[in-house]
Amino acid sequence: MVAMKMDAFLMETEFKDMLARQGLTLDRGENRTLQINVGYRCDLACRHCHLAAGPTRGELMTRATMQAVIAYARRGGFQVADVTGGAPELVPDLDYLLTGLAREVPQVMLRTNLTALEDDRRGHLLEICRQLRIVLVASFPAVTAAQVDAQRGQGVWSRSVAMLHQLNTLGYGLPDSGLELHLAANPGGAFLPQGQAAAERQFRRELAGRLGLAFNHLFIFANMPLGRFRTWLEQSGNAQDYMGKLTAAFNPQAVDGLMCRSLVSVAWDGILYDCDFNQAANLPMGGVRRHINEMDGPPEAGSTIATGRHCFACTAGAGFTCGGEIAA
Amino acid sequence: MDTYYDPKDLGRFQEIGKDAPELARKFFAYYGEVFAEGALSAREKALIGLAVAHTVQCPYCIDAYTVACLEKGSNLEEMTEALHVVTAIRGGASLVHGMQMRRQVEKLSL
């Protein structure tokens, strides 16, 4: 019953003003991750999707842009390549991109919604992932069928569970297999997620105990007030309260670990952003629209990061980054 | 005052300390400690809070502990079961008093 007081400042404040109020700056540190969004087409149309990805979206990365991405991965000295979408599996030549990135970067991650992996034509993709030791990060928002289906579409729970079983059969998520399978979860509405450690225990207990499924770690994220989720917030009358909740939960200690400090996000068309969320908000890297071919190397440490009110979703509570919660 | 209950009052709850600050400080400190992780998890405590909120029929508490349960990772199935626990106890508490009724009837009846 004890609630945080939300005054007018919290309800309307800009992220940069909050940083200034706290005496903080947000600028780039050492670059570690190249995140590649290969397009917004997806077989699902999840209600929380910050990109409003779906089956009718036509934005897809071409092979020429993939070549530019692989070349940039080489000259940028990144430690991790993080391939996301949409559903990356629906993009032609994804195997070309993964193979090229695996030559240039120590660790390659592929984000999957699980259902897009089930097409038989993509059996070869799973084999490529296994051979290249690509880390899979699977969207799996909740431990009940009702919650997952409400968020992602009817029948998605059972299809996702079946694919997780298949991945386990290949060795993904099993101890000592060298094949990492992580789950990514998010709340089922306009509220903050539980702590990552507690959520991971709950998911492991439920998935291992009830379904016999194995995974390595759970990453948990707050829902981003962008795209389809933002539309839902506005239509359901939750927008103001949710933004107030995110703002009131601002944690200054989370700022230093934000993913945008160490990540470059490249969109399907080769334009660079500070993160995938800024891509959805159409805020290019440092506020300047640049193509990946214009970059000689990684962005300089200390350079500006573009921000918007949606950034409060990454600094709420313990804070969130592409690897889940930042710190307690 | 248009209504006895105003949802905005929940966000202003801490103003209750304005005229008794030391008591409020002690109360809110105790409250925070009670709901921290302990022998019971914060998630379990939120479920207990939700159930009790329905028993004391406090709309502020129902609002707050519904959100708390969601944010601690509980789902509607678990939350509904928690309500049935208190409903069973409330119903049972009424029913068990039937023994008093029965004793009285037995005493008065031939």
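Residues numbered from 1 in each chain as written. Chains lettered and ligands numbered in written order. Predicted model: local features only at pLDDT ≥ 70, side-chain atom pairs only at ≥ 80, totals over all residues.

Visitor: Hey, could you run me through the overall build of chain A in this one?
Guide: A tally of helices and strands in chain A yields 12 helices and 10 strands. Computed over the C-alpha atoms, the radius of gyration of chain A is 19 Å, within 12% of the 20 Å expected from 2.2 N^0.38 for a compact globule of 328 residues. C-alpha atoms of chain A, sized along the principal axes, occupy 55 × 50 × 40 Å. Across the 328 residues of chain A, 52% fall into the buried class. The contacts in chain A between residues at least 6 apart in sequence include a share of 74% that link residues at least 24 apart. (Helix = DSSP H or I, 4+ residues; strand = E, 2+ residues; numbered from the N terminus. Rg over C-alpha atoms; globule rule 2.2 N^0.38 Å. Buried ≥ 20, exposed ≤ 12 C-beta atoms within 10 Å, placed from the backbone. Contact = placed C-beta atoms within 7 Å.)

Visitor: Whenever I open this one, the overall build of chain B confuses me. Can you help?
Guide: Within chain B, the secondary structure is distributed over six helices and zero strands. The order of α-helices and β-strands along chain B, N terminus first, is α-α-α-α-α-α. Against the globule reference of 13 Å for 110 residues, chain B gives a C-alpha radius of gyration of 19 Å, more extended than a compact globule. In chain B, which comprises 110 residues, the proportion classed as buried is 15%. Long-range pairs, those at least 24 residues apart, make up 56% of the contacts in chain B between residues at least 6 apart in sequence.

Visitor: How should the environment of Phe-277 of chain A be read in this particular structure?
Guide: Tracing the chain through its elements places Phe-277 of chain A in helix H11 (residues 276–280). Phe-277 of chain A has contacts with His-50, Met-224, Leu-226 and His-310 of chain A, leaving out every residue within four places of it along the chain.

Visitor: In this structure, what is going on with helix H3 (residues 63–76) of chain A? I would like to understand it.
Guide: For an α-helix, the turn length of 3.6 residues means that residues three or four places apart are oriented alike. Residues and elements named next belong to chain A. With 14 residues, H3 should cover 20 Å at 1.5 Å per step; its first-to-last C-alpha distance of 19 Å lies within 8% of that length. Regarding H3, the residues found buried are Thr-65, Met-66, Val-69, Ile-70, Tyr-72, Ala-73 and Gly-76. What you see down the axis of H3 is that its buried residues fit within an arc of 160°, all on one side. Residues of H3 that are exposed and angled more than 90 degrees away from the buried face: Arg-63, Ala-64 and Arg-75. A positive backbone phi angle near 65° is found at Gly-77, which sits one or two residues after H3. (Expected span 1.5 Å × (residues − 1). Arc of directions from axis to C-beta.)

Visitor: Would you explain the interface of chain B and chain A in this entry?
Guide: Residue-level contacts link 19 residues of chain B with 15 residues of chain A. Residue contributions to the side of chain B that touches chain A peak at six residues, all from helix H4 (residues 59–71) of chain B. Taken together, the residues of the side of chain B that touches chain A sort by class into nine nonpolar, five polar and five charged. (Nonpolar A, V, L, I, M, F, W, Y, C, P; charged D, E, K, R; others polar.)

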